Amino acid sequence: MTSEARLPAHSSQCMGCGSDNPHGLQLEVYRSGERVYADHTFDEKHVGAPGLAHGGAISAACDDIMGFTLWIARTPAVTRTLTVEYRRPVPLHTPIRLSAWIDHESDRLLHIAAVGSFDDRTYFTSSGVFVKVDVAHFRRYADLSTIDDFFANFTRTD
């Protein structure tokens, strides 16, 4: 896949990308080659210190954008570790480009990196380790009514 393509949300209620979650980030994520990206503007729903985005909102955005690299890996996985390095405060109402990619992978693990930037300035970086799982994991722990659609997304060929 070399052209840009919009990726489907993890679920309509996902806190990171769900369009039906009024309290979420509502990220719209695209794939371009071996990277995924989203443009997001933190606003008053995400405030930490006055006029600045909360570190937890930034961390959630990192976790979610890294989760979209699973379309590149073509496998579901879950977050094992997430590290965020806050390099400078993120002002509200500033469009941030979130980008993520797979650094390397093994049989069970994906090592994923992400960055948040604007105007050639890096505001934060993130790294995570995701554990590859199968449908049995979600059948044990997740909402069973969403599993089939969720897994179908990873096997699409478009």
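To be clear, the structure that these remarks concern was listed above.
Residues numbered from 1 in each chain as written. Predicted model: local features only at pLDDT ≥ 70, side-chain atom pairs only at ≥ 80, totals over all residues. Heavy atoms only, no water.

Engineer: Kindly report on the environment of Arg108, identifying the contributing residues and their values.
Structural biologist: Tracing the backbone through its elements, the reader meets Arg108 in the loop between β5 (95-105) and β6 (109-118). With 22 residues separating them along the chain, Arg108 and Phe130 place their C-alpha atoms 8.4 Å apart. Sequence-distant contacts of Arg108, that is, excluding residues within four places in its chain, are made with Phe130, Val131 and Lys132. (Helix = DSSP H or I, 4+ residues; strand = E, 2+ residues; numbered from the N terminus. Contact = heavy atoms within 4.5 Å.)

Engineer: For the sheet that holds strand β4 (residues 77-86), give the residues involved together with the corresponding values.
Structural biologist: Across the sheet, which stays open at both edges, the 7 strands sit in the order β1-β2-β3-β5-β6-β7-β4 with antiparallel pairing between neighbours. A single partner strand is all that each edge strand has here, and the edge strands are β1 (5-6) and β4. By the bridge criterion, 2 bridges tie β1 to strand β2 (residues 30-32) in an arrangement that is antiparallel. Bridge assignment links Arg6 to a residue of β2, and that residue is Tyr30. Together, β3 (35-41), β4, β5, β6 and β7 (121-132) form the strand contacts of helix α1 (residues 55-67), whose direction differs from that of β4 by roughly 135°. (Pairing = 2+ DSSP bridges. Axes fitted to C-alpha atoms, helices over the stretch in contact; angles between N-to-C directions.)

Engineer: Just give me the short version of the nonpolar core, but keep the residues and values in it.
Structural biologist: Core analysis: the largest hydrophobic core is formed by 35 residues, its most contacted members being Val29, Val36, Phe42, Ile58, Ile65, Val90 and Phe124. The element contributing the most residues to this core is α1, with 7 residues. Not counting residues up to four positions away in its chain, the partners in contact with Phe124 are Ile58, Cys62, Val84, Glu85, Tyr86, Arg87, Val90, Ile96, Leu98, Val115 and Gly116. (Core = buried A, V, L, I, M, F, W, Y, C linked by side-chain atoms within 4.5 Å. Buried < 20%, exposed > 50% of the residue type's maximum accessible area, 1.4 Å probe, protein only.)

Engineer: Before we move on, could you go through the environment of Phe118 and cite the residues and values that matter?
Structural biologist: Considering the arrangement of structural elements, one finds Phe118 in strand β6. Residue class for Phe118 comes out partly exposed when judged on its relative accessible area of 28%. Phe118 sits 23 residues away from Pro95 along the chain, and the two C-alpha atoms are 6.7 Å apart. When residues no more than four places from it in sequence are discounted, the contact partners of Phe118 are Thr94, Pro95, Ile96 and Tyr123.

Engineer: Residue-level account of the pairing of β6, with values.
Structural biologist: Judged by how many residues are buried, β6 sits mostly within the fold: 7 of 10 residues are covered. Alignment of β5 against β6, held across 8 bridges, turns out to be antiparallel. Paired with Ile102 across the two strands is Ile112, which belongs to β6. Between β5 and β6, which pair antiparallel in sequence order, lie 3 residues. Relative to β7, β6 runs antiparallel, the two sharing 10 bridges. By the bridge assignment, Gly116 is partnered in β7 with Phe124.

Engineer: Can you tell me about the pattern of salt bridges, naming the residues and giving the values?
Structural biologist: Side chains that differ in charge, positive against negative, can pair when their charged atoms come close. In the structure shown here, the tally under the stated rule is 4 salt bridges. Two residues, Arg97 and Asp39, come together in a salt bridge whose shortest N-O distance is 2.4 Å. You can see Arg97 sitting in strand β5 and its partner Asp39 sitting in strand β3, a full 58 residues away along the chain. Look at Arg97 and you get partly exposed, because its relative accessible area is 33%. Glu105 is paired through a salt bridge with Lys132; the nearest N and O atoms lie 2.7 Å apart. Of this pair, Glu105 sits in strand β5 while Lys132 sits in strand β7, and the two are 27 residues apart along the sequence. According to the relative accessible area criterion, Glu105 is partly exposed, its value standing at 44%. (Salt bridge = Lys/Arg side-chain N within 4 Å of Asp/Glu carboxyl O.)

Engineer: Which residues make up the packing of aromatic side chains, and what values do they have?
Structural biologist: Think of a pair of aromatic rings as described by two things: how far the centres are apart, and how the planes are tilted against each other in angle. What the rule picks out here adds up to 2 aromatic pairs. Ring geometry for Tyr30 versus Tyr37: centroids 5.6 Å apart, planes at 25°, classification stacked. Classification of Tyr30 as partly exposed rests on a relative accessible area of 27%. On the accessibility criterion, Tyr37 (13% relative accessible area) is buried. Summarising the aromatic geometry, the rings of Phe68 and Trp71 are spaced 5.1 Å apart at their centres and angled 15° between planes, so their arrangement reads as stacked. Each member of the pair, Phe68 as well as Trp71, is classed as buried. (Phe/Tyr/Trp six-rings, centres within 6.5 Å; stacked < 30°, edge-to-face > 60°.)

Just distances and angles here, no functional claims.
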